[in-house]
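Coordinate analysis (summary)
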Amino acid sequence: MTPTPPLFLLLLCFIGAHATVDLRTAAAMAAGLCKTRPTDIVFIIDSSRSVRPSEFEQVKVFLAKVIEGLDVGPNATRVGVVNYASHVKNEVSLKTHRTKAGLIKAVTKIEPLSTGTMTGLSIQFALNVAFSESEGARVKSPDINKVAIIVTDGRPQDNVKDVAQRARDAGIEIFAIGVGRVDMSTLKQMASDPLDDHVDYVESYSVIEKLTKKFQEAFCVSDLCATGDHDCEQVCISSPGSYKCACKDGFTLKDDGRSCSACSNSATDVVFLIDGSKSVRPENFELVKKWINQIIDKLDISETKAHVGLVQYSSSVRQEFPLGRYNNKKDLKDAVKKMDYMERGTMTGQALRFLAENSFAPGQGTRPGVPKVGIVFTDGRSQDYIGDAAKKCKEQGFKMYAVGVGNAVEDELKEIASEPTAEHYFYTADFKTMTQIAKKLQINICKDEDPCECDSLVKFQKKVEDALQALTKKLESMSKRIALLENKIV
């Protein structure tokens, strides 16, 4: 069992603007896949007389934990701290400390001013001084964020609306954190839009630390390709906080922007043969249905392209629906969701015989001349012999994929799968990881072209056209010569 990562690993990226922490983001942080954007951050902290010394210590702990989660450095994130009450004190300049240890040590030494609450004055100071190049701020650039984080517990004794607007107009993103009996209307006047992301409130300083979790995503940029938090079928290309999909050589990206196709305009008949035995269990059977629909999402379902049929087996075999009954993804996926769990034995050989003799038979929706694909799923050893039926499916030209989970026997999967076996059989120990198989399984079937109908015909047509052009030129030349002879005779 994997040990739980230490708390400090889960707090690698603190600052953000959402109320909940996505578990995938936490996993990305623990794996070191999350970094903070290059940013100039200035904390503006209220130390007026309403903030008791013990509460001010809690504010400093909050600041220290936020700093701990940043990529601090001259070319990464720079941090400044402005302390205010009736007057303003520049405690830490953006240029002063270039390491986390130095910053945190400086924060611990800050003392409260214990006078009034001139919040507007502090914002003006930050705009004029703290964010100036002389104090270490970088030149305004799309690559560098400018952020002010204001922490206050009271009503300002001066105007904040106009000065906050000037700061925002100068490109400073403002987060406003209110504590206790703070005036919420002034928080909203200070904060950037959208307000839901930039205004936070806590009941007391004793719980201000919980905002570290809420301040995560705004500065945390995950490599979504590295974390697996993407739906690209083949190739994922990272960009800051985002990604785009691409395909391997020989494949083209489909219109959905994530799936790849080796063929264009190819018709395919696909039948799923699904194990519904009691060993699967109801909750896992729901995961199997989701897995089927993941694969359906990758197919080009239409009347003229991919058709899908579904067969479930246990001690007996039941056709859920034949090929061609549903010709759009919505209806098809709805039909899969409605499939009831059979919950009996595991007669895989009997199911394969049904596939060979019935699923692709005339009258079952199969189309003549269209490639046929069987996708067999099982979670255990077959209770009957599968060899003859598996061989018959392949002899009839079906492309067979075998997918096993849990107690499935890999030798049986290989016996079912088409050649090359490594590309046509898949195994995972856990139903919850079937998603990865859906991503890997490529149903790339192209109808072989008849060279007599295609390449040879094109070549022949080209030769005929060339011959006609040459003959036309000769006729034109002969016509001119005949005309000259006629003129001489006259």
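Reference entry: report on the structure contained in this document. (Residues numbered from 1 in each chain as written. Predicted model: local features only at pLDDT ≥ 70, side-chain atom pairs only at ≥ 80, totals over all residues. Heavy atoms only, no water.)

The next subject is the overall build of the protein chain. Each helix and strand counted, the protein chain has 17 helices and 18 strands in total. Across the 490 residues that make up the protein chain, the buried fraction comes to 47%. Expressed as a percentage of contacts within the protein chain between residues at least 6 apart in sequence, the contacts between residues at least 24 apart total 73%. Carbon and sulfur atoms form 52% of the exposed surface of the protein chain, whose accessible area is close to 24900 Å². (Helix = DSSP H or I, 4+ residues; strand = E, 2+ residues; numbered from the N terminus. Buried < 20%, exposed > 50% of the residue type's maximum accessible area, 1.4 Å probe, protein only. Contact = heavy atoms within 4.5 Å. Areas by Shrake-Rupley, 256 points an atom, 1.4 Å probe, with all protein chains shown as cover.)

It is worth spelling out helix H13 (residues 348-359) at this point. When H13 is considered as a whole, its buried residues turn out to be Thr348, Gly349, Ala351, Leu352, Leu355, Ala356 and Ser359. Angularly, the buried residues of H13 cover 165° about the axis, an arc narrow enough to put them on a single face. (Arc of directions from axis to C-beta.)

This part takes up the side chain of Thr119. Topologically, Thr119 is positioned in helix H5 (residues 119-130). Setting aside anything within four residues of it in sequence, one finds Thr119 in contact with Tyr84, Ile150, Thr152, Pro156, Asp158, Val160 and Met190.

The next point concerns the environment of Ser86. Along the chain, Ser86 turns up in the loop between strand E3 (78-84) and strand E4 (88-92). For Ser86, a relative accessible area of 35% gives the class partly exposed. For Ser86, the side chain forms a polar contact with the main-chain nitrogen of Gly116, separated by 2.6 Å. (Polar contact = N/O pair within 3.5 Å; in protein donor to acceptor, adjacent residues only side chain to side chain.)

Our focus in this paragraph is the side chain of Ser302. Here Ser302 shows up in the loop between helix H11 (282-298) and strand E14 (306-313). Those residues in contact with Ser302 that sit more than four places away from it in its chain are His307 and Asn327.

Every buried residue of helix H6 (residues 161-169) is listed here: Val163, Ala164 and Ala167. When H6 is viewed along its axis, its buried side chains cluster within an angular range of 100° and face the same direction. For H6, the secondary structure elements touched by its buried residues are H5, strand E6 (172-179) and helix H7 (184-190).

Next up on the list: the sheet that holds strand E2 (residues 39-46). The strands making up a sheet associate through backbone hydrogen bonding, with each pair oriented either parallel or antiparallel. The sheet built from six strands is open, its strands ordered E4-E3-E2-E5-E6-E7 with mixed pairing. Looking at the sheet topology across the chains shown, the edges are occupied by E4 and strand E7 (199-202). When strand polarity is set aside, the average angle formed by the axes of neighbouring strands in this sheet is 20°. Looking at chain direction, strand E5 (residues 145-152) and E6 are connected through seven bridges and run parallel. Looking at the pairing, Lys146 lines up with Ile172 of E6. (Pairing = 2+ DSSP bridges. Axes fitted to C-alpha atoms, helices over the stretch in contact; angles between N-to-C directions.)

What follows covers unusual backbone geometry. Following Asp193, the chain continues to Pro194 via a peptide bond in cis, the omega torsion being -10°. Within the secondary structure layout, Pro194 lies in the loop between H7 and helix H8 (195-198). Following Glu419, the chain continues to Pro420 via a peptide bond in cis, the omega torsion being -10°. Along the polypeptide, Pro420 turns up in the loop between helix H15 (410-416) and strand E18 (425-428). Positive phi outside glycine occurs at Ser114, with the angle close to 55°. By secondary structure assignment, the location of Ser114 is in the loop between helix H4 (100-108) and H5. Phi at Glu343 takes a positive value of approximately 60°, unusual for a residue other than glycine.

On to a negative patch on the surface. Together, Asp388, Glu410, Asp411 and Glu415 give the surface a local cluster of negative charge. Looking at the negative patch, the element that brings in the most residues is H15, giving three residues. As for its position among the elements, Glu410 is in helix H15. Residue class for Glu410 comes out partly exposed when judged on its relative accessible area of 35%. (Patch = residues over 30% accessible without salt bridge, like charges linked within 9 Å, V, L, I, M, F, W, Y side chains within 5 Å. Salt bridge = Lys/Arg side-chain N within 4 Å of Asp/Glu carboxyl O. Lys, Arg positive; Asp, Glu negative; His and termini not counted. Charge placed at Lys NZ, Arg CZ, Asp CG, Glu CD.)

Turning next to the state of the cysteines. Throughout the structure, instances matching the rule amount to one disulfide. What pairs with Cys232 in a disulfide is Cys245, and their sulfur atoms sit 2.0 Å apart. On the sign convention where negative is left-handed, the bridge of Cys232 and Cys245, at about -85° about the S-S bond, is left-handed. Taken together, the residues span a long stretch of sequence, with Cys232 in the loop between helix H10 (224-227) and strand E9 (235-239) and Cys245 in strand E10 (residues 242-246) at a distance of 13 residues. In this pair, the class of Cys232 matches that of Cys245, namely buried. (Disulfide = S-S within 2.5 Å.)

Spatial ordering of the open sheet is given by E15-E14-E13-E16-E17-E18, a layout of six strands whose pairing is mixed. This sheet does not close on itself; its edge strands, each paired only once, are strand E15 (317-321) and E18. Strand-to-strand twist across the sheet, computed as the mean angle between neighbouring axes with direction ignored, equals 20°. The pairing of strand E13 (residues 268-275) with E14 spans eight bridges and is classified as parallel. Looking across to E14, one finds that Thr268 is bridged to Ala306. The strands that H11 touches are E13, E14, strand E16 (372-378) and strand E17 (399-405); relative to E13, the one it contacts most, it runs at about 170°.

In the contact formed by H11 and helix H12 (residues 329-337), the axes pass within 9 Å of each other and the chain directions differ by 165°. If you check the angle between H11 and H12, you find them roughly antiparallel. Considering the relative orientation of H11 and H12, their crossing is right-handed. Here Lys289, Ile292, Asn293, Ile296, Asp297 and Lys298 of H11 come into contact with H12, specifically with Lys329, Leu332, Lys333, Val336 and Lys337. Its residues assigned to classes, the contact of H11 with H12 shows four nonpolar, one polar and six charged. (Parallel < 35°, antiparallel > 145°, perpendicular 65-115°, else oblique. Left-handed = near helix turned anticlockwise from the far one by under 90°. Nonpolar A, V, L, I, M, F, W, Y, C, P; charged D, E, K, R; others polar.)

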